[in-house]
Amino acid sequence: FKVPDEISLLVIVVDVNPIWWGQQAQREQEFTLSKCLDAVMVMGNSHMAMSRTNKLAVIASHCQDSHFLYPSKSWKAGDDGADDASSSGDGKYELLSVANNLIAEEIRNVMSKTEVRGNSTDTLLAGTLAKALCLGQEIKSRILVIKAAEDCALQYMNFMNVIFAAQKQNILIDACVLDSNSGLLQQACDITGGLYLKIPQQVALAQYLLWVFLPDSEQRSQLVLPPPAHVDYRAACFCHRNLIEIGYVCSVCLSIFCNFSPICTTCETAFKIQLPQMVKPKKKKLKQTT
Amino acid sequence: MASLSEEVLLVVKKVRQRKQDGTLYLMAERVAWGPEGKDRFTVSHLYADIRCQKISPDGKAKIQLQLVLHTGESTTFHFANESSALKDRDATKELLQQLLPKFKKKANKELEEKNRMLQEDPVLFQLYKDLVVSQVISAEEFWANRLGGINNTDPAVVNNKQEVGISGAFLADIRPQTDGCNGLRYNLTADIIESIFRTYPAVKQKYSENVPHNLTEKEFWTRFFQSHYFHRDRINTGTQDIFSECAKQDEKGLKSLVIQGVKNPLVDLLSLEDKTLDEGYGICTTLPSTSNANKTVKESSNSAIIKRFNHHSAMVLAAGSRKGVFTSLLTASSSETSSTDGNSRDSDFFQPPVKKVKLQEAIEYEDLQRENRPKTVALNLKKSDRYAHGPVPLQSQHYTTSQDIINSVNYIRHEMMNYKPNLTEVLSSTAASSAIAALSPGGVLMQAGAQQAINQMVPTEVQGELKHLYVAAGELLRHFWSCFPVNTPFLEEKVMKMKSNLERFQVTKLCPFQEKIQRQYLSTNLTGHLEEMLQTAYSKFHIWQTRRMMRKT
């Protein structure tokens, strides 16, 4: 039950990694970026249709930058809206059709500007999430991430900072994963209280979005939704990057090691551990046999 | 048996106990009774164990004295000496009256401490009930680690209570009520009496001198309130009043206070004077004289009240700061207050330079001084980039050739160039229904949710019992494991005792609990971990025992 006039913002972050989507288009004709964006639009429209005070934002996360698809700087309210070919003639709520057109236009712009760069092939998800957080400052908001490409390990610190910032601001991060599981997003959902779902059927994306991610957090408590995934919180040792369950931690710099070494390699502190006393076996007296 | 070093304070012959003739002995720390002719004591009680004594009423034929112990037991002595029974009994009673209070405090303190700890901590209380009341371990073992040496530490540390100060208005608070017919009722509580004694040691002296020999307590206080000492106008009405001496002492004290003056060099009391400019704003030339001779009656009674007022305040302050010899030697500032009471005998043998300290206080601010923080060592990180990597192990990236990249980018650009949303064909019905099936209970995505959280399946009282079991088991296991390594014979004994305690715990507490939950058809294994812990303890004990056997052979 929502308090009337309470603004609720949904920020949809779409991973539009051109390399992944380009490859995807070659593997699977049924579900391409166009189809994905259509599903996102349906989700956005539904969210705005739920209540007059609901607001929407859509951000595209590219490997060059992150770009707002909606609301867009090029939007001029009022006159332009009417003459545009946007009036699709189906009696749609004007706000929705305007939104859809803007999103389409912007994504066309973004993708046309894609350049080929070998060195950055990862989606700049952390940066996009940071932008999303900036939007939802004073209003109740949540973020839905639609993830396509794999995690980028280099963004770890930024990602974690974003997650904790979201937690502090009570902003939920939901994740809908199309391809490979993302440990970072699993953590994000676990920490902020959102839902993580890797969908088995990409073509049914719209259905999953509407069923699982459309309700907001209060409504979710009344529904039966997929249970939270088990998150692997094991730490990785600093020496080998192996995930370990039990390890040694330097008390000075808090770096984690899988084996004991008398000097911490990070901060060069020397440690002494008292090893258990070695008990010398007592010499048994040999009995003399007569 | 009586040890030779015990001092015997009183011997009373012909005292019967349980219909047997014998002799009663009162010693330094205990009371004992031995039957006639025998050399040893059959009854012996430490004064610390005795809660109170009772005597038979005066009219009765049998002259008896009963000792009630803290445990509730009581022992009765019958004084059977025909001639001096009553005297004997009374002598015994009085001696006990003097001795018991000395020992009472020690015993009570421990018990009080225990009670307090049990009351304050419900977990501890529950643990106590589980372990001691059901006789899994004895009370001594339970309290062994917890009391923290009430008897060992010096009283200065243990006695953390702050001393209560004296309210300046305590005399005024007595508030007499009219009795109806021309009399006044004064309600005296123990607190007020204590305040009076602390503030006016002279009164305390008079009290100890006169009560209970000459006057009863009631009479003493009646006289106190009647005397002019108490009332405003202290006009000495002769020496009949026992308090007139007190009044004289107070006068002396006040005079010595004035002579002592204030030790603070920054305060000059003498420059303060009551100078009035009289009417006429100073035009009038004759100054009013302040000599005593011209004082009117009103002025002299005013000055008497003021004098009393000042004296009372000084006494209250002195009583508050009079804590014994130590504090007066401590700091320079307190040396000032310790001699505010003109009658105090503990003069300062040390007189640290008060002036210097006062001046320092006046010119320096602590906050503005440089902070003396302990020296710290700076953190020196050689490889700080290690922190930037998360627990994502460096996986092998998939390799995309540059040709792949170029192809993909071109493809996508081509696709999106003419992108138009087609919202009427987003989802086919088959896709939708299979998605819904996957999301419905029992579907592919809903499997993990079938396992309900344990705490929803187990009733709360069972959970509570389990918690208590864990706390109790934890306590026993802690005692057990702390015995290792077993170095001393004491630890050997303790480890064996703890093992039997653990077994007893398992039998009396754990097994019934397991049976209970089985009866309730709870299939979850709630006690698996507890059993595991106990098993580990048993196997450790077994290993230790076999090693010990081997060492002996």
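Just above, that's the structure.
Being a predicted model, the structure only gives us computed values, none of them experimental.

(A) Up close: the overall build of chain A. When you go through chain A residue by residue, the secondary structure sums to 9 helices and 10 strands. By the burial criterion, 49% of the 290 residues in chain A qualify as buried. For chain A, the exposed surface amounts to about 15400 Å²; the carbon and sulfur share of it is 54%.

(B) How the structure looks around the packing of helix 2 (residues 122-133) of chain B against helix 16 (residues 460-482) of chain B. Residues and elements named next belong to chain B. Relative to each other, helix 2 and helix 16 sit at 75 degrees, their axes nearing to 10 Å. Judged on the interaxial angle alone, helix 16 and helix 2 are roughly perpendicular. On helix 16, the residues that touch Val123, Gln126, Leu127, Asp130 and Leu131 of helix 2 are His468, Val471, Ala472, Glu475 and Leu476.

(C) A look at the interface of chain B and chain A. If you look at the interface, chain B gives 48 residues, while chain A gives 65 residues. Where chain B abuts chain A, roughly 4900 Å² becomes buried across the two surfaces, and 67% of that area is made up of carbon and sulfur atoms. Applying the counting criterion to the chain B and chain A interface returns 0 salt bridges. For the side of chain B that touches chain A, the secondary structure elements donating two or more residues are helix 13 (402-417) and helix 14 (429-439) of chain B. Among the elements that make up the side of chain B that touches chain A, the one with the highest residue count is helix 13 of chain B (12 residues). Taken together, the residues that form the side of chain B that touches chain A break down as 30 nonpolar, 10 polar and 8 charged.

(D) Layout of the packing of aromatic side chains. Within the structure shown, the criterion is met by 11 aromatic pairs over all chains. On the numbers, 5.2 Å between centres and 75 degrees between planes, the contact of B:Tyr207 with B:Phe220 is edge-to-face. With B:Tyr207 in helix 6 (residues 201-210) and B:Phe220 in helix 7 (residues 217-226), the pair connects residues that are 13 residues apart, well separated along the chain. The same class applies to B:Tyr207 as to B:Phe220, namely buried. With a centroid separation of 5.4 Å and an interplanar angle of 85 degrees, the aromatic rings of B:Phe480 and B:Trp481 are classed as edge-to-face. On the accessibility criterion, B:Phe480 (0% relative accessible area) is buried. Clustering of aromatic rings is evident, with ring pairs tying together A:Trp20, A:Trp21 and A:Phe31. One cation-aromatic arrangement involves A:Arg241 over A:Phe238; the distance from NZ or CZ to the ring centre is 5.9 Å. Looking at B:Lys540, its charged tip hangs above the ring of B:Phe484, at a distance of 5.0 Å from the centre.

(E) Geometry of the sheet that holds strand 3 (residues 30-35) of chain B. All names here are of chain B. On the basis of which strands lie adjacent, the open sheet formed by 7 strands has the order 4-3-2-1-7-6-5 and antiparallel pairing. Looking at strand neighbours, the two that pair on one side only are strand 4 (43-46) and strand 5 (50-55), the edges of this open sheet. Mean inter-strand twist for the sheet, computed between neighbouring axes without regard to direction, equals 25 degrees.

(F) Examining the environment of B:Leu100 more closely. Residues and elements named next belong to chain B. Examined against the element boundaries, Leu100 turns out to sit in helix 1 (residues 85-120). Overall, Leu100 belongs to the buried group, its relative accessible area being 7%. Residues Leu100 and Arg51 lie 49 residues apart in sequence; the distance between their C-alpha atoms is 8.3 Å.

(G) Seen up close, the pairing of strand 3 (residues 66-70) of chain A. All names here are of chain A. The pairing of strand 2 (residues 54-61) with strand 3 spans 4 bridges and is antiparallel. Paired with Ala60 across the strands is His67, a residue of strand 3. The hairpin formed by strand 2 and strand 3 contains 4 residues between the paired strands.

(H) Just the packing of helix 2 (residues 33-50) of chain A against helix 4 (residues 94-112) of chain A, in detail. All names here are of chain A. It is at 10 Å that the axes of helix 2 and helix 4 come closest, and there the two elements cross at 150 degrees. In terms of their interaxial angle, helix 2 and helix 4 are classed as roughly antiparallel. Relative to helix 4, the crossing made by helix 2 is right-handed. Residue-level contacts link Leu33, Leu37, Met41, Asn45 and Met48 of helix 2 to Leu95, Leu96, Ala99, Asn100, Ile103, Ala104, Ile107 and Met111 of helix 4. In the contact of helix 2 with helix 4, the residues fall into 11 nonpolar, 2 polar and no charged.

(I) Examining the side chain of A:Thr123 more closely. Of note, A:Thr123 is situated in the loop between helix 4 and helix 5 (125-135). Excluding residues within four positions of it along the chain, A:Thr123 makes contact with A:Asp15, A:Asn17, A:Ser61, A:His62, A:Cys63, A:Ala149 and A:Gln155.

(J) Structural detail: the sheet that holds strand 1 (residues 8-15) of chain A. All names here are of chain A. Spatially, the 6 strands line up as an open sheet ordered 3-2-1-4-5-6, and their pairing is mixed. Edge positions in the sheet fall to strand 3 and strand 6 (196-198), since each of these pairs with one other strand and no more. Pairwise comparison of adjacent strand axes, ignoring direction, gives a mean angle of 20 degrees for this sheet. Across the sheet, helix 2 is in contact with strand 1, strand 2 and strand 4 (140-147); its angle to strand 1 comes to roughly 175 degrees.

Cut-offs and rules
- Residues numbered from 1 in each chain as written.
- Chains lettered and ligands numbered in written order.
- Predicted model: local features only at pLDDT ≥ 70, side-chain atom pairs only at ≥ 80, totals over all residues.
- Heavy atoms only, no water.
- Helix = DSSP H or I, 4+ residues; strand = E, 2+ residues; numbered from the N terminus.
- Buried < 20%, exposed > 50% of the residue type's maximum accessible area, 1.4 Å probe, protein only.
- Areas by Shrake-Rupley, 256 points an atom, 1.4 Å probe, with all protein chains shown as cover.
- Axes fitted to C-alpha atoms, helices over the stretch in contact; angles between N-to-C directions.
- Parallel < 35°, antiparallel > 145°, perpendicular 65-115°, else oblique.
- Contact = heavy atoms within 4.5 Å.
- Buried area = accessible area lost by both parts, 1.4 Å probe.
- Salt bridge = Lys/Arg side-chain N within 4 Å of Asp/Glu carboxyl O.
- Nonpolar A, V, L, I, M, F, W, Y, C, P; charged D, E, K, R; others polar.
- Phe/Tyr/Trp six-rings, centres within 6.5 Å; stacked < 30°, edge-to-face > 60°.
- Lys NZ or Arg CZ within 6 Å of the ring centre and 35° of its normal.
- Pairing = 2+ DSSP bridges.
- Left-handed = near helix turned anticlockwise from the far one by under 90°.

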